[in-house]
Amino acid sequence: MKLLMHICCAPCTVYPLQTLRSDGHDIHGLFYNPNIHPYREYKKRLDTLAHYAGGCGLRVTYEQGYELERFLRNVAFREKDRCRYCYYDRLQRTVYRAKEGRFDGFTTTLLYSKFQNHPMIKDIGESLASEHRIRFYYQDFRVGWFQGKTISKEMGMYRQAYCGCVYSEKDRFYPANGALNVESARSSGAVEDVL
Ligand code: SF4
């Protein structure tokens, strides 16, 4: 099947790509992630993917522009429910591109992360598929979490320490009690497993 795979980052691509290719699917990637902040972090994740994709022969479309302002406007005042919009926006764009490119279906590397709201991603994917009459290729890629993590580490890939948006960066690093500890802030850089 010719599938358009939405890609959030390179480490999350490793296992889904291997699995889908070994099952005989023809995979094309789409990098569309206005939820990654700030811009230098976005660029770092994009560059990591470009390097990885070049090495494994994966064709990727990099969506033009960086719609940070639109993302923030759409989650303002409903920050606690921001992931719903974030998933929907990225998968909706994937559907549009999949229809334009006459793909048989679409999927997403978001289904690999054990830190994402997996049932919500599945629901949104299925709902968009039914609305736009295109197949959502669902698979629970979380089963390959350890395998993908090991390979990405062996490749020396950049592995980010927070999900993407400024809110998730705050959730990850801002002290729960609001008290800023200089020592803990200093030592909080080397965190893994938050993809
Ligand atoms: S926490 Fe992650 S999934 Fe949720 S809105 Fe932020 S970037 Fe998107």
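About the criteria used
Residues numbered from 1 in each chain as written. Predicted model: local features only at pLDDT ≥ 70, side-chain atom pairs only at ≥ 80, totals over all residues. Helix = DSSP H or I, 4+ residues; strand = E, 2+ residues; numbered from the N terminus. Rg over C-alpha atoms; globule rule 2.2 N^0.38 Å. Buried ≥ 20, exposed ≤ 12 C-beta atoms within 10 Å, placed from the backbone. Contact = placed C-beta atoms within 7 Å. Pairing = 2+ DSSP bridges. Axes fitted to C-alpha atoms, helices over the stretch in contact; angles between N-to-C directions. Core = buried A, V, L, I, M, F, W, Y, C linked by C-beta atoms within 7 Å. Left-handed = near helix turned anticlockwise from the far one by under 90°. Nonpolar A, V, L, I, M, F, W, Y, C, P; charged D, E, K, R; others polar. Near = placed C-beta within 6 Å.

Q: I'd like a rundown of the overall build of the protein chain, residues and numbers included.
A: Along the protein chain, the regular secondary structure elements total eight helices and five strands. Counting from the amino terminus, the protein chain carries its helices and strands in the arrangement β-α-β-α-β-α-α-β-α-β-α-α-α. In summary, the protein chain has a C-alpha radius of gyration of 17 Å against a globular reference of 16 Å for 195 residues, a match within 12%. With respect to the principal axes defined by its C-alpha atoms, the protein chain has extents near 50 × 40 × 30 Å. Within the protein chain, the proportion of its 195 residues that are buried is 33%. In the protein chain, once contacts between residues fewer than 6 apart in sequence are set aside, the share between residues at least 24 apart is 78%.

Q: Outline the sheet that holds strand β2 (residues 26-31), listing residues and values.
A: Consider a sheet: its strands pair through backbone hydrogen bonds, and that pairing is either parallel or antiparallel. Spatial ordering of the open sheet is given by β3-β2-β1-β4-β5, a layout of five strands whose pairing is parallel. Whereas interior strands pair on both sides, the edge strands pair on one side only; in this sheet they are β3 (59-62) and β5 (135-136). Summarising the sheet, strand β1 (residues 2-7) and strand β4 (residues 105-108) pair through four bridges and their orientation is parallel. Note that in β4 the partner of M5 across the bridge is T107. Packed on one face of the sheet, helix α4 (residues 82-100) meets β1, β2, β3 and β4 and runs near 150° to β1.

Q: Which residues make up the nonpolar core, and what values do they have?
A: A general trend in soluble globular proteins is that nonpolar side chains are found buried together. Ranked by size, the top nonpolar core spans 33 residues in total, and within it L4, I7, L30, L49, Y87 and F106 carry the most contacts. When residues of this core are assigned to their parent elements, the largest contribution, six residues, is made by α4.

Q: Give me the packing of α4 against helix α5 (residues 118-132): which residues, what numbers.
A: Axis angle and axis distance: for two packed helices, these are the angle between their axes and the distance between the axes, and together they describe the pair. Close contact between α4 and α5 brings their axes to 10 Å; oriented N to C, the two are set at 35°. The way α4 lies across α5 gives a crossing that is right-handed. Within the contact between the two elements, α4 uses C83, R84, Y87, Y88, L91, Q92, V95 and K99 and α5 uses M120, I121, I124, G125, L128 and H132. Of the residues in the contact of α4 with α5, the class split is nine nonpolar, three polar and two charged.

Q: So, the site of the ligand: which residues are in play, and what are the values?
A: Every residue lining the ligand is accounted for by N35, R82, C83, C86, C163, G164, C165, Y167 and S168. Within the residue set of the shell around the ligand, elements represented by two or more residues are α4 and α7 (166-173). Among the elements that line the shell around the ligand, the one with the most residues is α4, at three residues. Classifying every residue of the shell around the ligand gives five nonpolar, three polar and one charged.

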